[in-house]
Amino acid sequence: MSKAEQSSHFFTVSAFKLILMSVATFGFYKLYWFYKNWQFIKQDSGEDIMPFWRAFFNLFWVYSCFTYIGKSSDKYSSAAQVDTTKSIAVAYILFTVMSFTSAKMFVNGEIFSIIIGFLQLHLIYLVNEIALKINKKQIPSFQNNTRFSLGNYIWLGIIWLLIIVGLSVNEDFERANELYENGQYEEAIQSYDKAIKAEPNLSEGYTNKCLALSKIGNYEEALKACDKGIELDPKSNVAYNNKGLVLFQMGKYEDAIDAFDKSIKLDSKDAVSYFNKASALAEIEKYEEAIKAYNKAIELAPKSSEYYSDKAFALYNLQKYEEALYAYDKAIELDNTNSVLYQSKARILEYLERENEAREAYEMAAKIEASKELMQSSPEDQGRALRELYEIQSNQ
């Protein structure tokens, strides 16, 4: 087959190569398949089209691509395939739309998307086979693309190199997060630095490093890290929230509130930012505004005992004692093993001269503390305490 003939046909590949290259390149080879066929369509039809963009936005152009191949069967083959390619194109579009919505529609959205990807690949293969028949009819000596070229190997090498680098960055980042959660802040900072060195544009690395630096009292460097995270990703509400936390720890409450407001503007459903803003407002004794922010945080995360507890403290400072008691009761309802909540409730009851209720609250706090001490004691001490309790109950 001459060079001219080689350039005058649809781009087709063997089933094995199509599947292997598509899987190995995480679907990018499918885009290449569309791109090559749009190149031929441009040449064959004489239309002024842009193959790259038609391949990139294949959802909008797949119908045109497949039907062109189907219509070509009238020209080069004895059997018309127009209706078949139209049906395949419609199915491909439906599968593509389903893949976009599967994460929200299904619990295992990722797995469903993978299945959809293979179904799309099967549809491409069906059209690929129609195009192959056309090529063979047009060019009797046509040989299908079955071999892996040097370009294929280079392409695969680059993609997998990027994947390996990405996995390495992710491993360092996850390790840093784990160290942070364990209170190993110095080690966490080192791991964040490794992740950032491998991927300088890793905004989350700077954003999380910011908190680790603040935990060891290095506030100035923490702010620099937060600002770098914001520079890399100005739409990250987490970066602004973390900056607000650093400013809060520095006692710069007004600046912290400003940072939390920016976080809320970027994500109005983030309960944590509302709570942090409320805490900063409470520190400067703007309790009325703080309560509004606490209420919003509770609306978004109604199962947080801490949100009710801190709201109760703000209400107490406004001398709204009954409302404060209600908030403490809600906090206790959500976390009945927190002795501090009972103690705080007891102090308000004392102020209201409701002595019996206050005594009951103090007793509950004492029981919780005693239970914690018992659980932390040695098995021998636990046994001795239980025997003493049994003797007391027997003598009553």
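Along each chain, the written sequence defines residue order, and numbers are assigned to residues from 1. Under the rules for a predicted model, residues below a pLDDT of 70 receive no local features and side-chain atom pairs below 80 are neither given nor counted, while totals for whole chains, interfaces and linings still include all residues. Note: side-chain values were computed over all heavy atoms of the structure, leaving out hydrogens and water.

**Thoughts on the overall build of the chain**
Step number 1: The numbering of helices and of strands both runs from the N terminus, where a helix is a DSSP run of H or I of at least 4 residues and a strand a run of E of at least 2. Tallying secondary structure elements over the chain gives 20 helices and zero strands in all.
Step number 2: The buried label applies to any residue whose accessible area, calculated with a 1.4 Å probe on protein chains only, is under 20% of its type's maximum; exposed applies above 50%, and partly exposed to all values in between. In the chain, which comprises 396 residues, the share counted as buried stands at 39%.
Step number 3: It only takes one pair of heavy atoms within 4.5 Å for two residues to be counted as in contact. Look at the contacts in the chain between residues 6 or more apart in sequence, and 55% of them connect residues 24 or more apart.
Step number 4: Only the protein chains shown count as cover for residues, and the accessible areas themselves come from Shrake-Rupley with a 1.4 Å probe. By element, 54% of the accessible surface of the chain is carried by carbon and sulfur atoms, the whole surface being about 23,000 Å².

**Description of the nonpolar core**
Step number 1: Remark: nonpolar core denotes a set of buried residues (Ala, Val, Leu, Ile, Met, Phe, Trp, Tyr, Cys) joined through side-chain atoms within 4.5 Å. The biggest cluster of nonpolar side chains holds 59 residues, and the ones touching the most others in it are Tyr-180, Tyr-192, Cys-210, Val-246, Tyr-294, Tyr-307 and Ile-348.
Step number 2: Each residue touching Tyr-294, except ones within four places of it in the same chain, is listed here: Phe-275, Ala-278, Ser-279, Ala-282, Tyr-307, Asp-310, Lys-311 and Ala-314.
Step number 3: Membership of the second largest hydrophobic core comes to 29 residues, among which are Phe-10, Trp-33, Cys-65 and Ile-69.

**What to know about the packing of helix α12 (residues 237-249) against helix α13 (residues 253-266)**
Step number 1: All axes here are fitted lines through C-alpha atoms, helices being fitted over the stretch that makes contact, and every angle between N-to-C directions spans 0 to 180 degrees. Packing of α12 against α13 brings their axes to within 8 Å, and their N-to-C directions diverge by 165 degrees. Here α12 lies roughly antiparallel to α13, going by the angle between them. In the crossing of α12 with α13, the sense of the turn from one axis to the other is left-handed. In contact with Asn-237, Tyr-240, Asn-241, Lys-243, Gly-244, Leu-245, Leu-247 and Phe-248 of α12, α13 contributes Tyr-253, Asp-255, Ala-256, Ala-259, Phe-260, Lys-262, Ser-263 and Leu-266. Relative orientations are named as follows: roughly parallel for angles under 35 degrees, roughly antiparallel for angles over 145 degrees, roughly perpendicular for angles from 65 to 115 degrees, and oblique for any other angle. Crossings are sorted by hand: turned counterclockwise from the far helix by less than a right angle, the near helix makes the crossing left-handed, and turned clockwise it makes it right-handed.

**Describing the pattern of salt bridges**
Step number 1: Within this document, salt bridges are pairs made up of a side-chain nitrogen of Lys or Arg and a carboxyl oxygen of Asp or Glu, the two lying within 4 Å of each other. This structure, assessed with the given rule, holds 14 salt bridges.
Step number 2: We note a salt bridge from Lys-243 to Asp-227, for which the minimum N-O separation is 3.0 Å. Here Lys-243 is found in helix α12, whereas its partner Asp-227 is found in helix α11 (residues 219-232), with 16 residues between them in sequence.
Step number 3: The class of Lys-243 is partly exposed, set by a relative accessible area of 21%.

**Let's talk about the environment of Asp-335**
Step number 1: By secondary structure assignment, the location of Asp-335 is in the loop between α17 (321-334) and α18 (339-351).
Step number 2: Taking the relative accessible area as the measure of exposure, Asp-335 reaches 23% and is therefore partly exposed.
Step number 3: Residues Asp-335 and Lys-303 lie 32 residues apart in sequence; the distance between their C-alpha atoms is 9.5 Å.
Step number 4: If we ignore the near neighbours within four places in the chain, the residues touching Asp-335 are Ser-305 and Leu-341.
Step number 5: Here a polar contact means two N or O atoms within 3.5 Å. Within protein one must be a hydrogen donor candidate and the other an acceptor candidate, and residues neighboring in sequence count only if both atoms are side-chain atoms. At 2.9 Å, the side chain of Asp-335 and the side chain of Thr-337 are in polar contact.

**Comments concerning the state of the cysteines**
Step number 1: The disulfide criterion is simple: two cysteine sulfur atoms within 2.5 Å. Overall, the coordinates contain one disulfide when judged by the stated rule.
Step number 2: The side chain of Cys-210 participates in a disulfide bridge whose partner is Cys-226; the two sulfur atoms lie 2.0 Å from each other. Residues Cys-210 and Cys-226 are joined through a disulfide that is left-handed, its torsion about the S-S bond being -70 degrees. Separated by 16 residues along the polypeptide, Cys-210 in helix α10 (residues 203-215) and Cys-226 in helix α11 bring together distant segments of the chain.

**Considering helix α15 (residues 287-300)**
Step number 1: With 14 residues, α15 extends 20 Å between its outermost C-alpha atoms, agreeing within 8% with the 20 Å of an ideal straight helix rising 1.5 Å per residue.
Step number 2: Along α15, the positions that sit buried rather than exposed are Tyr-287, Ala-290, Ile-291, Ala-293, Tyr-294, Ala-297 and Ile-298. Viewed end-on, α15 has its buried residues packed into an arc of 165 degrees, placing them on one side of the element. Facing away from the buried side of α15 by over 90 degrees, the exposed positions are Lys-292 and Glu-299.
Step number 3: Buried-residue contacts for α15 involve α14 (271-283) and α16 (305-317). By definition here, a helix of n residues has an expected span of 1.5 Å times n minus one. Directions are taken from the helix axis to each C-beta atom, and the arc is the one they span.

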